[in-house]
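Residue-level structural notes
So the chains spell out like this:
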Amino acid sequence: MWKQFLPKLSKKSSASRKGDHASGSSPGHNAAGNASTIQRTSSCPSAGPARPAASVKRMSSAVFPSSLVAGIEPLVSFKNVPNGEKPNLFVSKVSLCCVVFDFSDPNKNSAEKDFKRQALVDLVDYVDSASSRFTEPMVVACCRMFAINLFRVFPPNCRSSSSGAGEGDEEEPMFDPAWPHLHLVYDLLLKFIGSSSLDTKVGKKYFDHTFIVKLLELFDSEDPRERDCLKTILHRIYGKFMVHRPFIRKAVSNIFYHFVFETDRHNGIAELLEVFGSVVSGFALPLKEEHKIFLVRVLIPLHKPKTLGVYLQQLTYCVTQFVEKEPKLASLVILGLLRYWPITNSQKEVMFLSEIEEVLEATNMVEFQKCMVPLFQRIAHCINSSHFQSPKNQASNWNRSLIQDHKNGLIVT
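The shown structure was predicted, so the numbers you read here are calculated from the model rather than taken from an experiment.

1. What to know about the pattern of salt bridges
Pairs may arise between side chains of opposite charge once their charged atoms sit close together. All told, the structure shown has twelve salt bridges when counted by the stated rule. Where R225 meets D223, a salt bridge forms, and the shortest distance between an N and an O atom there is 2.8 Å. Residue classification places R225 among the partly exposed positions, given a relative accessible area of 30%. With relative accessibility at 1%, the residue D223 sits in the buried group. Notably, a salt bridge pairs E271 with R227, separated by 3.3 Å at the nearest N-O pair. Taken together, the residues span a long stretch of sequence, with E271 in helix 14 (residues 269-281) and R227 in helix 12 (residues 224-240) at a distance of 44 residues. For E271, a relative accessible area of 13% corresponds to the buried category.

2. As for the packing of helix 17 (residues 330-339) against helix 18 (residues 346-361)
Any two packed helices are characterised by how steeply their axes cross, that is the angle between the axes, and by the distance between the axes. At a closest axis distance of 10 Å, the pairing of helix 17 and helix 18 adopts a crossing angle of 170°. When the interaxial angle is binned, helix 17 and helix 18 end up roughly antiparallel. Counted together, A330, V333, I334 and L337 of helix 17 and F352, E355, I356, V359 and L360 of helix 18 form the full contact between these two elements. Within the contact of helix 17 with helix 18, the residues separate by chemical class into eight nonpolar, no polar and one charged.

3. Digging into unusual backbone geometry
At the junction of L285 and P286, the peptide bond is cis and its omega measures out at -5° in the coordinates. When you line up the elements, P286 lands in the loop between helix 14 and helix 15 (289-299). In the Ramachandran plot, N109 falls in the positive-phi region, its phi being about 55° despite a non-glycine side chain. Mapped onto the elements, N109 comes out in the loop between helix 6 (86-96) and helix 7 (110-129).

4. Here's the deal with the environment of K116
Among the secondary structure elements, K116 is positioned in helix 7. For K116, the side chain forms a polar contact with the main-chain oxygen of C97, separated by 3.2 Å.

5. Concerning helix 14
In this model helix 14 runs 18 Å from its N-terminal to its C-terminal C-alpha over 13 residues, within 8% of the 18 Å that 1.5 Å per residue would give. Burial runs high along helix 14: ten of the 13 residues are buried. Along helix 14, the residues classified as buried are I269, A270, E271, L272, L273, V275, F276, G277, V279 and V280. On its buried face, helix 14 is in contact with helix 11 (209-217), helix 12, helix 13 (245-263), helix 15 and helix 16 (308-325).

How each quantity is defined
Residues numbered from 1 in each chain as written. Predicted model: local features only at pLDDT ≥ 70, side-chain atom pairs only at ≥ 80, totals over all residues. Heavy atoms only, no water. Salt bridge = Lys/Arg side-chain N within 4 Å of Asp/Glu carboxyl O. Buried < 20%, exposed > 50% of the residue type's maximum accessible area, 1.4 Å probe, protein only. Helix = DSSP H or I, 4+ residues; strand = E, 2+ residues; numbered from the N terminus. Axes fitted to C-alpha atoms, helices over the stretch in contact; angles between N-to-C directions. Parallel < 35°, antiparallel > 145°, perpendicular 65-115°, else oblique. Contact = heavy atoms within 4.5 Å. Nonpolar A, V, L, I, M, F, W, Y, C, P; charged D, E, K, R; others polar. Polar contact = N/O pair within 3.5 Å; in protein donor to acceptor, adjacent residues only side chain to side chain. Expected span 1.5 Å × (residues − 1).

Right, here's the structure in full:
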């Protein structure tokens, strides 16, 4: 397909200079549509023999199926067309970007990749500076292009496995060779969703539940750069489309359930928790029952997997946000942590003690007394441990601190 289009591009600059004066009488140009002043897909070098208009249209249709409707050359700059034609040019460029290439071989289709890259750069610049509303065909074309370029199934042999990694170890990251192209698509998606030119009522119809589920599946990518982009985009979608918020929370909860109780492997748990850290901080008071269930059934069980150390910081932040918003949840959290306590894993014990220490800082005396006895019993077990990674030093410091608080009357027994 692309090979049919390349000969035209190589002659484009010379033909445009010669054709500026003769385009008005060019049969091929008039056949494509003489009502517009911009360059059409059927334009050809004036020095060569004229082609039948039908054959040119067939070639354009093979390369850019959607561009035939707009009738606009996709590589024309937005600066060179009137404002009324920019939406059509936008759709043409988006259609051009629907062609997917193999980036494992950098020398394969290099010219075509450059054309697509330039089209993506033009689209990013246009969206970034757009002042008028995006039309519905523009939104439809973009959603289709995002789905074609981004939504893919990761090879099973490239997925990470927690069986070979330590509790706090991160595996060596794998970088997608297509990232120089993918990051432009993600940048366009981020700017498109965040643009004030996108009508929320129109956008929510096409950035729907199916789109969101496919987007969430990409969080299992091996490439940390992709997960970082997804994190920002998911947060932007959550903020823009309020109608989708309950569904997003439910879909992410299902990912966590699948990770904790079935697979014990997922690359994007830390990024998803980071998004939910800001979501939890925005919960209104008093907390809904749905949010408390999320704490008990999702966040607390996330302490169970062996790879806890990879996402401990983000998980601790989410948990402490709940306690700070509603202090009555403190004893529930501490008792939940004691339920999942890693009795035979000293490395995870240190992590649990660190998290409980942060939770206790936001715990009042009434809630502390509800969990004081089992908590001290667990600390005693930690102090008596003989393992070389034993958290006995941290537990001993805790014990002395709590005893001192008792002497000072801060703890009433």
